[in-house]
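Residue-level structural notes
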Amino acid sequence: KTRVYTFGNKKADGNSSMRNLLGGKGANLAEMSAIGIPVPPGFTITTEVCTEYNLLGKDEVIQLIKREVELAVAKIEKTMNTKFGDAKNPLLLSVRSGARVSMPGMMDTVLNLGLNDDVVEGLAKKTKNERFAWDSYRRFVQMYGGVVMGVKAINKEDIDPFEEIIENLKEKRGITLDTEFTVQDLKDLVFDFKKSIYRRIGKEFPSDPWDQLWLAVMAVFDSWNGKRAVYYRNMHGYPADWGTAVNVQAMVFGNMGENSGTGVCFTRDAGSGENLFNGEYLINAQGEDVVAGVRTPQQITKIGSQRWAELAQITEKERKNSYPSLEEVMPEIFKELNGYQQILEKHYRDMQDMEFTIQEGKLWILQTRNGKRTGAAMVKIAIDLLSQGLISEEEALLRIEPNKLDELLHPIFDPAALKKAHVIAQGLPASPGAATGQLVFFAEDASKFKYSILTRIETSPEDLEGMNLAKGILTARGGMTSHAAVVARGMGKCCVSGAGALKINYKTKTMWVEGKEYHEGDWISINGSTGNIIEGKVATVEPELTGEFAKIMELSDKYSSMKVRTNADTPQDAKVARNFGATGIGLTRTEHMFFEVDRIKAMREMILADTVKGRKQALAKLLPMQREDFEGIFEAMEGLPVTIRLLDPPLHEFVPHQLATLRELADEMHVSLESVKIKVADLEEFNPMLGHRGCRLGNTYPEITEMQTRAIIEAALNLKQRGIETKPEIMVPLVGTFDEFVAQETIIRDTAEAIFKERKDKIEYFVGTMIEIPRAALMADKIAKRADFFSFGTNDLTQMTFGYSRDDAGKFLPIYLEQGILKHDPFEVLDQEGVGQLVTMGTQRGRSTNPKLKVGICGEHGGEPSSVEFCYNNGLDYVSCSPFRVPIARVASAQAAI
Ligand code: PEP
Ligand code: MG
């Protein structure tokens, strides 16, 4: 089999369909080369080799690929007309990772590989630029030392060993900038770097270019199992066996003088989705200079540059002199680049994120990929591409990552509150949204507060975990393509970058802005759509779901046949969900209604009563309150089906445990404190989740079922009188046997009939059950003979099928996920392979005896896209999920149908 795929010179062995094998980057390089984009020539070692490496180890893998790699290097040499390791005419290489999905900043990169003490002299001669050659060598030893040889700061507080050497030299020489180093300084740095590496790890820096190459390739494979990569993989649920490919490519240099440069660009705006070519570049720089946020990058287009200058409060004259656009500085190159971005977007039919380098007036495209974008941009771009005729309706829907819609559903700053807000500084609108939180300056501190704003001079991949925990990200340095900006957009997290007015002091955990000091824990607000940084908290309002968002929703409904309902316990939730397009309620958990002050008292009386009479008296107090609740919910969902579930949790959840409350309760019930204590102790269970709960309550205390049924039916009749249509569905929880269900069903129907007689009026209603105990799924054919509907309670079904306690799984699940014993948290993503069988079986068996059986799901999985797809494939009539997941489920349901 082929393990090495070459590309370059407008030819390639691979193409973009080979992502899994070549990784995203490798597949794209091959494809680009084949369609005539000038990519520097190179080759890709496949992801399969990464897996082989993990199995076989270094030596055997090198044997497997040696010949192919040698041939591929020879091919690059031919295209570039240079030679690897040749001091007179050297070829330098870059080595990068590339998994099948892009993992920004996760994997390590080595540039300038192939330099050594001889080659550097040759490079100096050839480019007539000794400084450039030694600076490249200096960068190479530093990068290689860190990435491949593992010489880096051990603790967060420690400074990088190479940076330390640089700082010391600067101090000695009395200079502050890298550019002030003389050639001799750079030579000294290389020497000192190598010495430091030897001192730290006892290994010589490899001078043979081939040794350098092999070690670098192996280091990329190792980085797949590095801490950051594993964290990112787990966060996104990417399995360990995907592996990463290695891309080796000829180096081209953006730092060869004033007619060289490098940049990053997007075919559309990654924040708003606006159809506007944009990006940033730097003259005489290497790639990492643009994203590292150390120099202020300039804009690619003139329009972008002018907009940027406005935000940065820079005059047009200043802009033109100090920060001109590429369009103005190198019009020919800009024209060529603009041509390629159009070709690439048309070819990939999606917004592209491209990297380019200009080497002495020649443009090279280093890479392109589908650009990361915010939820808002995702929606706008999909609809825009659709109206441009580049993609079909189905494709537009498939372009939506359902979970990302969440970003659009959350509050934005209240325009009225914003008018009064005190803006203390302005940065770049790097990732839209509104975030209010308490200042923290270190990623590790992000979890200190419920709402934190991670504020850094600049962020790095080490900060990923903290960025994920924070509500928003604020940086003092860095442009729209800085690490913070790119990662934040990917996470859908609000970010303001490059706010130069912030003077951050990590030591004291403070920040100075315009003469005022802010400390860790102080509240600030950031507006990722405008770049404003605001003192204190700012109120938020609900977003409007119109425009492109509405269009996506409309399309979803056109393509999906499965309905989306909501889990809602209050009229308020029901209204929100209805706004989001819910077509009914799939689960109302009645227990939540009992926690209000007045009700909990009556509830406790009921629970602690000794006799049926006592219980009935307490229930009589609850009846009007419940009836009112149901009227509210029915009214909010007028005309739509509403499933109300009878009381489910174990009773002890409702009784107090503090002495004072127990005493109060005893007084109120006119009994002794002691007797209340005994009762409460009596309710204790070893395994409450497997104990006296669900329909076991209704069967042992039938008066509870009677009361709840009465509340539901009377509420419906009351609304009918007011001319409001209702469709009640009464649901029995935790059924395991046929007789359990029938016992409850009988009480419900008898109660309803009695009420119809009393009121001389009737309504249509249905009685069904949750399927959440494995036995119920097995007995579904029998149960369905009496049930009108089933609703899979996949929370309990998962709990009971796995035997994992819902309340205790947090102790071991994270470790299982880390070790790869589980691929996903089964309480989040439905275990289709195992628990799914019970869903399939329960549905089929149920419908075999009752073809009219309505089947849905109301566990948390009802709003999780892959589980929604599973439900669709199993012919469920609806999924039900929390209100804010309704739009997500609607799109997921349409995607399943496409
Ligand atoms: C379930 O078990 O899936 C369910 C919806 O019920 P609850 O989460 O209330 O137990
Ligand atoms: Mg349940």
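Because the structure is predicted, anything quoted here is derived from the model rather than measured.

Thresholds, definitions, all that
Each chain has its residues counted from 1, running along the sequence as written. By the order in which they are written, chains take letters starting at A while ligands take numbers starting at 1. At least 70 in pLDDT is required for a residue's local features to be given in this predicted model, at least 80 for side-chain atom pairs to be given and counted, and no such filter applies to totals for whole chains, interfaces and linings, which use all residues. Put simply, DSSP marks the helices as runs of H or I at least four residues long and the strands as runs of E at least two long, and each gets a number from the N terminus on. The reference for a compact globule is 2.2 Å times residues^0.38; the radius of gyration itself is calculated from the C-alpha atoms. With C-beta atoms placed from the backbone, a residue is labelled by how many other C-beta atoms lie within 10 Å of its own: buried for 20 or more, exposed for 12 or fewer, partly exposed between the two. For the purpose of contact definition, each residue receives a C-beta atom placed from its backbone, and two residues are in contact when these atoms lie within 7 Å. What the arc describes is the spread of directions from the helix axis to the C-beta atoms. Expected helix span is given by 1.5 Å per residue-to-residue step, counting one fewer step than there are residues. As a rule, any residue with its backbone-derived C-beta atom within 6 Å of a molecule or strand is reported as near that molecule or strand. Residues are sorted three ways: Asp, Glu, Lys and Arg are charged, Ala, Val, Leu, Ile, Met, Phe, Trp, Tyr, Cys and Pro are nonpolar, and all the rest, Gly among them, are polar. Following DSSP output, two strands are said to pair if at least two bridges run between them. UniProt positions are given in the numbering used here, feature names are shortened, and annotations may be inferred rather than shown by experiment. Note on terminology: a nonpolar core is a set of buried residues of type Ala, Val, Leu, Ile, Met, Phe, Trp, Tyr or Cys, with members joined through C-beta atoms within 7 Å. Throughout, an axis means a line fitted to C-alpha atoms (over the contacting stretch in the case of helices), and angles, computed between N-to-C directions, take values from 0 to 180 degrees. Angles below 35 degrees are treated as roughly parallel, those above 145 as roughly antiparallel, those between 65 and 115 as roughly perpendicular, and all remaining angles as oblique. Definitions for this section: a left-handed crossing has its near helix turned counterclockwise from the far helix by less than a right angle. A right-handed crossing has that turn clockwise.

A word on the overall build of the chain. When helices and strands are counted, the chain shows 36 helices and 34 strands. Here the C-alpha atoms of the chain give a radius of gyration of 32 Å, agreeing with the 29 Å that 2.2 N^0.38 yields for 898 residues. For the chain, the spread of C-alpha atoms along the three principal axes comes to 105 × 65 × 55 Å. Within the chain, buried positions represent 50% of all 898 residues. Contacts in the chain between residues far apart in sequence, at least 24 positions, make up 67% of those at least 6 positions apart.

Another point: helix 9 (residues 227-236). Among the residues of helix 9, Ala229, Tyr232 and Arg233 are the ones counted as buried. One side of helix 9 holds all its buried residues, which, seen down the axis, span an arc of 100°. Exposed positions of helix 9 whose direction lies more than 90 degrees from the buried face are Lys227 and Met235. Elements that come into contact with the buried residues of helix 9 comprise helix 8 (209-223) and helix 19 (464-469). After helix 9 finishes, the residue Gly237 shows a positive phi value of roughly 70°.

This brings us to helix 36 (residues 886-897). In a regular helix each residue adds 1.5 Å, so 12 residues correspond to 16 Å; helix 36 covers 17 Å between its end C-alpha atoms and thus fits that length. Most of helix 36 sits inside the fold, with 10 of its 12 residues counted as buried. Among the residues of helix 36, those classed as buried are Val886, Pro887, Ile888, Ala889, Arg890, Val891, Ala892, Ser893, Ala894 and Gln895.

So, about the site of ligand 1. Lining the immediate environment of ligand 1, one finds Leu587, Arg589, Asp648, Glu772, Gly793, Thr794, Asn795, Asp796, Cys858 and Gly859. Sorting the residues of the shell around ligand 1 by element identifies strand 28 (585-589) and helix 32 (794-802) as the ones contributing at least two each. Here the shell around ligand 1 is composed, by residue class, of 2 nonpolar, 4 polar and 4 charged.

A separate point is the sheet that holds strand 8 (residues 244-250). The strand order across the open sheet formed by 6 strands is 2-1-3-8-6-7, and the pairing between neighbours is antiparallel. Edge positions in the sheet fall to strand 2 (11-12) and strand 7 (109-113), since each of these pairs with one other strand and no more. Where strand 6 (residues 93-99) and strand 8 come together, 7 bridges link them in antiparallel fashion. Across the sheet, the residue bridging to Ser94 is Gln249, located in strand 8.

The feature "domain: Pyruvate phosphate dikinase AMP/ATP-binding" (unreviewed entry), as annotated in UniProt, sits at residues 20-54 and 66-384 in this numbering. Annotation note: span residues 20-54, helix share 66%, strand share 11%, distance between end C-alpha atoms 17 Å.

Let us now look at the environment of Ala309. As for its placement among the helices and strands, Ala309 is situated in helix 11 (residues 302-311). By the C-beta count within 10 Å, which is 20 here, Ala309 ends up buried. Here the alpha-carbon distance between Ala309 and Ser882, two residues 573 residues apart in the chain, equals 43 Å.

Turning our attention to the pairing of strand 32 (residues 789-792). Side chains Phe789 and Ser791 of strand 32 all project onto a buried face; the interleaved residues Phe790 and Phe792 project onto the opposite face, where all are buried too. Pairing between strand 31 (residues 766-771) and strand 32: 3 bridges, direction parallel. From the neighbouring strand, Ile771 faces strand 32, where its bridge partner is Phe792. Bridging between strand 32 and strand 33 (residues 854-857) involves 4 bridges; their strand directions are parallel.

Next up on the list: the nonpolar core. General note: in soluble globular proteins, nonpolar side chains tend to be found buried as a group. Residues Ala382 and Val879 are the most contacted members of the largest nonpolar core, which totals 237 residues. The contacts of Val879, once residues within four sequence positions are left out, are Met562, Val564, Gly856, Ile857, Gly862, Val868, Cys871, Ala889 and Ser893.

As for its placement among the helices and strands, His861 is situated in the loop between strand 33 and helix 35 (865-873). Look past the residues within four positions of His861 in its chain and what remains in contact with it is Thr794, Leu830 and Ser867.

For the pair helix 35 and helix 36, interaxial distance at closest approach is 8 Å and the crossing angle is 50°. The angle between helix 35 and helix 36 places the two elements in the oblique class. Crossing geometry of helix 35 relative to helix 36 is assigned as right-handed. On the side of helix 35, the interface is formed by Pro865, Val868, Glu869, Tyr872 and Asn873, while helix 36 contributes Ile888, Ala889, Ala892, Ser893, Gln895, Ala896 and Ala897.

Bringing the sheet that holds strand 21 (residues 503-505) into the picture now. With antiparallel pairing, 3 strands are arranged side by side in an open sheet as 21-22-23. Sheet topology places strand 21 and strand 23 (516-519) at the edges, where each strand pairs with a single neighbour. Within the sheet, the average angular offset between the axes of one strand and its neighbour, ignoring direction, is 20°. As judged from the 4 bridges shared by strand 22 (residues 510-513) and strand 23, these two strands associate in the antiparallel manner. If you follow Thr510 over to strand 23, its bridge partner there is His519.

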